[in-house]
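The lines below spell out each chain.
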Amino acid sequence: YPRSMSSPTSAPESEEGASSTSTGPANASPLPITSISDVFSYKSLVHAIAGATGGVSAISVFFPLNTARIRIQVASSEDAKSLLQTIRDAIEDDGFLSLYQGWKSAVLAIGASNFVYFYTYNLLKLAYRNKTGRKNLSVRANLVIASLAGIVNVLLTSPIWTVNTRLVVQRKKSMKGSAS
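From a predicted model like this one, the values you see are computed outputs, not experimental measurements. Per chain, the residues get numbers from 1 upward, laid out in the order the sequence is written. Owing to the predicted nature of the model, reporting of local features is limited to residues with pLDDT of at least 70; listing and counting of side-chain atom pairs is limited to 80 or more, with chain, interface and lining totals taken over all residues. As a rule here, side-chain values come from all non-hydrogen atoms in the structure, and water together with hydrogens is ignored.

(A) Broad picture of the overall build of the protein. Within the protein one finds 5 helices and 0 strands. For the protein, the N- to C-terminal ordering of α and β elements is α-α-α-α-α. The criterion used for residue contact is that any of the two residues' heavy atoms lie within 4.5 Å. In the protein, once contacts between residues fewer than 6 apart in sequence are set aside, the share between residues at least 24 apart is 77%. Residue exposure ignores everything except the shown protein chains as possible cover, and the areas themselves are Shrake-Rupley values with a 1.4 Å probe. Carbon and sulfur atoms form 65% of the exposed surface of the protein, whose accessible area is close to 11,300 Å². Runs of H or I in DSSP of at least four residues are treated as helices and runs of E of at least two as strands, each being numbered from the N terminus.

Pasting the structure below:
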């Protein structure tokens, strides 16, 4: 295993239980962040690309459900239908490809969102390890780091999601308007 990853058999250190007197690979302190190349590390980039790829794959497969969800959300209460009926109506009224309207912006949004989240998560993990000298994260530290990465993700990518939702809704309304 690479130096920065724990082996499957090593137990995580507790928040309070880290011992500075023990030697060995489990307690080796990580290298400090000293340059821009440490921030833009290969490992963080790989995690970010993997997260973006997973998100893009998932949104591509399940995008019709997302389109139906958005249509249900923006429908007035008397026009609201079930998920299955919303999908059927979309296909009947606008064709099968209407279920993929806004797909490009959604792929951009989820790709950017997952990239930002995973990159930030790995960068914060590295910073935590450098500050504490611990190789393994406690549950509490992991939750805090994941929450901070989520906050950064939302702050940076919310505008993209807003545009995506507006594109899906706008196209739906323009299709209705042109059919009348």
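(B) Here's a closer look at the packing of aromatic side chains. Pairing of aromatic rings covers Phe, Tyr and Trp, the last through its six-membered ring, and needs centres within 6.5 Å; plane angles under 30 degrees mean stacked, over 60 mean edge-to-face, and all others mean tilted. All chains considered together, the criterion is met by 5 aromatic pairs. On the numbers, 6.1 Å between centres and 25° between planes, the contact of Phe63 with Tyr100 is stacked. Here Phe63 is found in helix α2 (residues 42-74), whereas its partner Tyr100 is found in the loop between α3 (83-94) and α4 (103-132), with 37 residues between them in sequence. For the exposure calls, accessible area comes from a 1.4 Å probe over protein chains only, and a residue counts as buried if that area is under 20% of its type's maximum, exposed if over 50%, partly exposed in between. Phe63 gets classed as buried once you look at its relative accessible area, which sits at 0%.

(C) A look at the side chain of Ser98. Relative to the helices and strands, Ser98 is located in the loop between α3 and α4. For Ser98, a relative accessible area of 2% translates into the label buried. Nitrogen and oxygen atoms within 3.5 Å of one another constitute a polar contact, given that in protein one can donate a hydrogen and the other can accept it, and given that sequence-neighbouring residues count only through two side-chain atoms. Within the local environment of Ser98, its side chain forms a polar contact with the backbone oxygen of Gly95, the two atoms lying 2.6 Å apart. If we skip the residues at most four places from it in the chain, Ser98 touches Thr67, Arg71, Ala90 and Ile91.

(D) Layout of the nonpolar core. As used in this record, nonpolar core signifies buried Ala, Val, Leu, Ile, Met, Phe, Trp, Tyr and Cys residues forming a set joined through side-chain atoms within 4.5 Å. One finds Tyr121, Tyr128, Leu137, Ala141, Ile145 and Ala149 forming the largest nonpolar core, which totals 6 residues. The set of elements that each furnish at least two residues to this core consists of α4 and α5 (139-179). Tallying contributions element by element places α5 first for this core, with 3 residues. Beyond its immediate stretch of four places on either side in the chain, Tyr121 contacts Asn142, Ile145, Ala146 and Ala149. Counting 5 residues, the second-largest nonpolar core is a separate cluster that includes Ile59, Phe63, Ala106 and Ile110.

(E) Quick look at the pattern of salt bridges. The working definition used for a salt bridge is a side-chain nitrogen of Lys or Arg within 4 Å of a carboxyl oxygen of Asp or Glu. Scanning all chains against the criterion turns up 2 salt bridges. Salt-bridge contacts for Lys81 lead to Asp89; the nearest nitrogen and oxygen are separated by 2.5 Å.

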